[in-house]
There are 2 protein chains.
Amino acid sequence: MEQGILLFAHGARDPQWALPFEAVAARLRVQAPDTPVELAFLEFMTPDLLEAGERLAAAGCRHVNVVPLFLGAGGHVRKDLPVLLQQLSALHPDVSWMLNPAVGETAEVVEAMAASALRMSAAR
Amino acid sequence: MEQGILLFAHGARDPQWALPFEAVAARLRVQAPDTPVELAFLEFMTPDLLEAGERLAAAGCRHVNVVPLFLGAGGHVRKDLPVLLQQLSALHPDVSWMLNPAVGETAEVVEAMAASALRMSAAR
């Protein structure tokens, strides 16, 4: 059954804000060329989670990993996202939507943030 | 002249939200044991930037690298943070406060987010 990845970010008024998130999506599309990847936003930017999820379902995905591109898991990840996922699940009951931890809570990202902070400090 | 690192995160109502940011600070303190490191928040959590900056100045830091622990650089990084840094600069004119890019905009963190998303997807 086809897998898909649904990245979920906060969104902001400044279009430049989205660049790192678009870079993550682009990187995943290179690293997993057979896996459909969509990037969705909670607010200010499009597509929203329902529209991006719809695209993955239309692409034939039956197992979608939802990955919150948030550093900390606060209300947006713990409360807003589950509600949106319930709506997506009701619209597409034939797809399993799997909620993952916020990337910021993973060891890779914590290590990378520390490495980045250290490199920037050493360079000045 | 003594260097310091001032990490700046958004803050949230949920205390658990701060865990990844505290992990970054802890990691830096291990990796750079001679460099004072403080973690500050924009809202909901303490200390704020002025209080954390005050601690670094009191510790004898004369060059402080301010590192925004944000994924994208929106209004908080582009507008709120420079205003706070001006206040800090006015209070401590003998310290140079150097503003760095948001960690989420660095290659290390973009790569780590993609790796983390890929690992979580592969595991399910």
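Scroll up for the structure.
Scoring rules and cut-offs
- Positions within a chain are numbered from 1, following the residues in the order the chain's sequence is written.
- Chain labels run from A onward and ligand labels from 1 onward, assigned in the order the entries are written.
- Owing to the predicted nature of the model, reporting of local features is limited to residues with pLDDT of at least 70; listing and counting of side-chain atom pairs is limited to 80 or more, with chain, interface and lining totals taken over all residues.
- Only hydrogens and water are removed before side-chain values are computed, so all heavy atoms of the structure are retained for them.
- Whether two residues touch is decided by their heavy atoms; if any such pair falls within 4.5 Å, the residues are in contact.
- Summed over both partners, the accessible surface that disappears when two parts come together, traced with a 1.4 Å probe, is what is meant by buried area.
- Salt bridge, as applied in this entry: a Lys or Arg side-chain nitrogen positioned within 4 Å of an Asp or Glu carboxyl oxygen.
- Contacts described as polar in this section are N or O atom pairs within 3.5 Å, which, within protein, must combine one atom able to donate a hydrogen with one able to accept it, while residues neighboring in sequence count only if both atoms come from side chains.
- A helix here means a DSSP run of H or I that spans at least four residues, while a strand means a run of E at least two residues long, and both kinds are numbered starting from the N terminus.
- For this scheme, ten residues count as nonpolar: Ala, Val, Leu, Ile, Met, Phe, Trp, Tyr, Cys and Pro. Four count as charged, namely Asp, Glu, Lys and Arg, and the remainder, Gly too, count as polar.
- Partly exposed residues are those whose accessible area sits between 20% and 50% of the maximum for their type, while under 20% is buried and over 50% is exposed, using a 1.4 Å probe and protein chains only.
- The atoms used to superpose the copies are C-alpha atoms, taken from residues with pLDDT of at least 70 in both, and the fit is least squares.
- Only when DSSP finds a minimum of two bridges between them are two strands counted as paired.
- Note on geometry: axes are lines fitted to C-alpha atoms, helical ones only across the stretch in contact, with angles between N-to-C directions running from 0 to 180 degrees.

Visitor: Can you walk me through the interface of chain B and chain A in this structure?
Guide: When the parts of a complex come together, some accessible area is lost, and that lost area is often taken as the interface size. The interface of chain B with chain A comprises 46 residues on the first partner and 46 residues on the second. Between chain B and chain A the total buried area reaches about 4,000 Å² when both faces are included, carbon and sulfur atoms providing 68% of it. The tally of links between chain B and chain A comes to four salt bridges. Residue Arg-119 of chain A pairs with Glu-108 of chain B through a salt bridge whose shortest N-O separation is 2.5 Å. Our count for the contact surface shared by chain B and chain A stands at nine residue pairs in polar contact (both at pLDDT 80 or more). Breaking the side of chain B that touches chain A down by element, the ones donating at least two residues are β1 (3–9), α1 (19–31), β3 (63–68), β4 (96–99) and α4 (107–122) of chain B. Top contributing element to the side of chain B that touches chain A by residue count: α4 of chain B, with 14 residues. Across the side of chain B that touches chain A, the residue classes tally to 27 nonpolar, eleven polar and eight charged.

Visitor: Looking at this structure, I do not really get the side chain of Glu-38 of chain A. What am I missing?
Guide: Among the structural elements, Glu-38 of chain A can be located in strand β2 (residues 37–41). With residues up to four places along the chain from it excluded, the contact list for Glu-38 of chain A reads Ile-5, Leu-6, Leu-7, Arg-29, Ala-52, Arg-55 and Leu-56 of chain A.

Visitor: Honestly, the pattern of salt bridges in this entry has me stumped. Any pointers?
Guide: Opposite charge on two side chains permits them to pair, given that their charged atoms come into close proximity. Residues and elements named next belong to chain A. Taken as a whole, this structure holds twelve salt bridges over all chains when the rule is applied. We note a salt bridge from Arg-55 to Glu-51, for which the minimum N-O separation is 3.0 Å. Separated by four residues within a single helix, Arg-55 and Glu-51 lie in helix α2 (residues 49–58), roughly one turn from each other. Taking the relative accessible area as the measure of exposure, Glu-51 reaches 39% and is therefore partly exposed. Of the charged contacts, one joins Arg-62 and Asp-94 as a salt bridge, the two residues approaching to 3.8 Å between their closest N and O atoms. You can see Arg-62 sitting in the loop between α2 and β3 (63–68) and its partner Asp-94 sitting in the loop between α3 (75–91) and β4 (96–99), a full 32 residues away along the chain. Note on Arg-62: relative accessible area 28%, which makes it partly exposed.

Visitor: Mind showing me how you'd approach the environment of Pro-20 of chain B here?
Guide: Along the chain, Pro-20 of chain B turns up in helix α1. The buried category is assigned to Pro-20 of chain B, whose relative accessible area is 4%. Distance from Pro-20 of chain B to Ala-57 of chain B, taken between C-alpha atoms, is 25 Å for residues 37 residues apart in sequence. Excluding its chain neighbours within four sequence positions, the residues that come into contact with Pro-20 of chain B are Leu-71, Gly-72, Gly-104, Glu-105 and Val-110 of chain A.

Visitor: Can you help me understand the relation of the copies chain B and chain A in this one?
Guide: Copy one and copy two of the chain differ by a rotation about an axis and a translation along that axis. For the match of chain B to chain A, the screw axis carries a shift of 0.0 Å, the RMSD comes to 0.0 Å, and the turn is 180°. Expressed as a symmetry operation, the mapping of one chain copy onto the other fits a two-fold axis. Comparing contact sets, 100% of the residues at the interface of chain B also lie at the interface in chain A, consistent with an isologous, same-surface contact.

Visitor: I keep staring at the sheet that holds β2 of chain A and nothing clicks. Help me out?
Guide: Sheet strands line up and pair through hydrogen bonds in the backbone, either parallel or antiparallel. All names here are of chain A. Sheet architecture is open: four strands sit in the order β2-β1-β3-β4, paired in parallel fashion. Edge positions in the sheet fall to β2 and β4, since each has one partner strand and no second. The sheet shows a mean angle of 25° between the axes of neighbouring strands, taken without regard to direction. With six bridges connecting them, strand β1 (residues 3–9) and β3 associate as parallel partners.

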